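Structural features, examined
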Amino acid sequence: MDNRTRIQNEIVESLDNPAHGILLLAPRTGKTKIAIDIIKKEKCKSILWVTPSEKLRDIDIPEEFARWKAKTYLRKTKIVCWASLSKVKGYFDKIIIDEYQEITENNTVGFFNGNIHYNSILALSGTHPKHQIKKDILNSLHLKVLKKVSIEEAIDEKLIADYKIKVVE
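In short, a report on the structure.

**Thoughts on the nonpolar core**
Judged by nonpolar contacts, the single largest core of 27 residues is most densely connected at Leu23 and Trp49. Elements with a contribution of two residues or more to this core: helix H1 (3-14), strand E1 (21-25), helix H2 (31-42), strand E2 (47-51), helix H3 (54-67) and strand E5 (116-125). Element by element, the count of residues in this core is highest for H2, at 5 residues. Apart from the residues lying within four places of it in its own chain, the contact partners of tryptophan 49 are Thr32, Ala35, Ile36, Ile39, Ile61, Phe65, Thr77, Lys78, Ile79, Val80, Ile96 and Asp98. Counting 21 residues, the second-largest nonpolar core is a separate cluster that includes Leu24, Val50, Leu85 and Ile95.

**What about the side chain of glutamate 42?**
Relative to the assigned elements, glutamate 42 resides in helix H2. Aside from chain neighbours lying at most four places away, what touches glutamate 42 is Asp16, Asn17, Pro18, Ala19, Lys94 and Ser120.

**Section: a negative patch on the surface**
Where like charges cluster on the molecular surface, the negative patch consists of Glu152, Glu153, Asp156 and Glu157. Along the chain, glutamate 153 turns up in helix H7 (residues 151-156). Using a relative accessible area of 40% as the deciding quantity, one classes glutamate 153 as partly exposed.

**Observations regarding the pairing of strand E4 (residues 90-98)**
The element E4 is extensively covered by neighbouring structure, given that 7 of its 9 residues are classed as buried. Note that E2 and E4 share 4 bridges and pair parallel. Of the residues in E4, the one forming a bridge with valine 50 is isoleucine 97. In terms of strand pairing, E4 meets E5 through 8 bridges, oriented parallel. Paired with glycine 90 across the bridge in E5 is isoleucine 116.

Rules behind the numbers
- Residues numbered from 1 in each chain as written.
- Predicted model: local features only at pLDDT ≥ 70, side-chain atom pairs only at ≥ 80, totals over all residues.
- Heavy atoms only, no water.
- Core = buried A, V, L, I, M, F, W, Y, C linked by side-chain atoms within 4.5 Å.
- Buried < 20%, exposed > 50% of the residue type's maximum accessible area, 1.4 Å probe, protein only.
- Helix = DSSP H or I, 4+ residues; strand = E, 2+ residues; numbered from the N terminus.
- Contact = heavy atoms within 4.5 Å.
- Patch = residues over 30% accessible without salt bridge, like charges linked within 9 Å, V, L, I, M, F, W, Y side chains within 5 Å.
- Areas by Shrake-Rupley, 256 points an atom, 1.4 Å probe, with all protein chains shown as cover.
- Salt bridge = Lys/Arg side-chain N within 4 Å of Asp/Glu carboxyl O.
- Lys, Arg positive; Asp, Glu negative; His and termini not counted.
- Charge placed at Lys NZ, Arg CZ, Asp CG, Glu CD.
- Pairing = 2+ DSSP bridges.

Keep in mind these values describe shape, not function.
Structure (structure tokens):
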């Protein structure tokens, strides 16, 4: 087992069941894999996954479920973009809010008006919001940082996955 997998597994195993809170993990450390492993560990029956883009919604996240042998859970997962979150209604065992710095009063209205019910929320990002209103929303949802891995720690532990940089002139 490589160091990256070992640390990801340690994070998953260290969390309560159900995990409710924030994973503030450096970019490219495997947040999506960790979230899928948590869904599998908790044996979630219904999942809402909130993500920033249509590409993530339609291609990347479904591919990650397949890659990590979690197709059974993909069928139980409703994936929506942040822009559509305010229209969602229903109950979910687990809500994954990817790139939680995108949180606003408008897109989270369903959490506070009774349209969205849930057992637990797991918020993922490498960037904690600076604006107080966003911090207040996270506090209102009782989301505290459960695990934090800075970019420096991720580099030292060799957690950062390979990536490409495209320069557009």
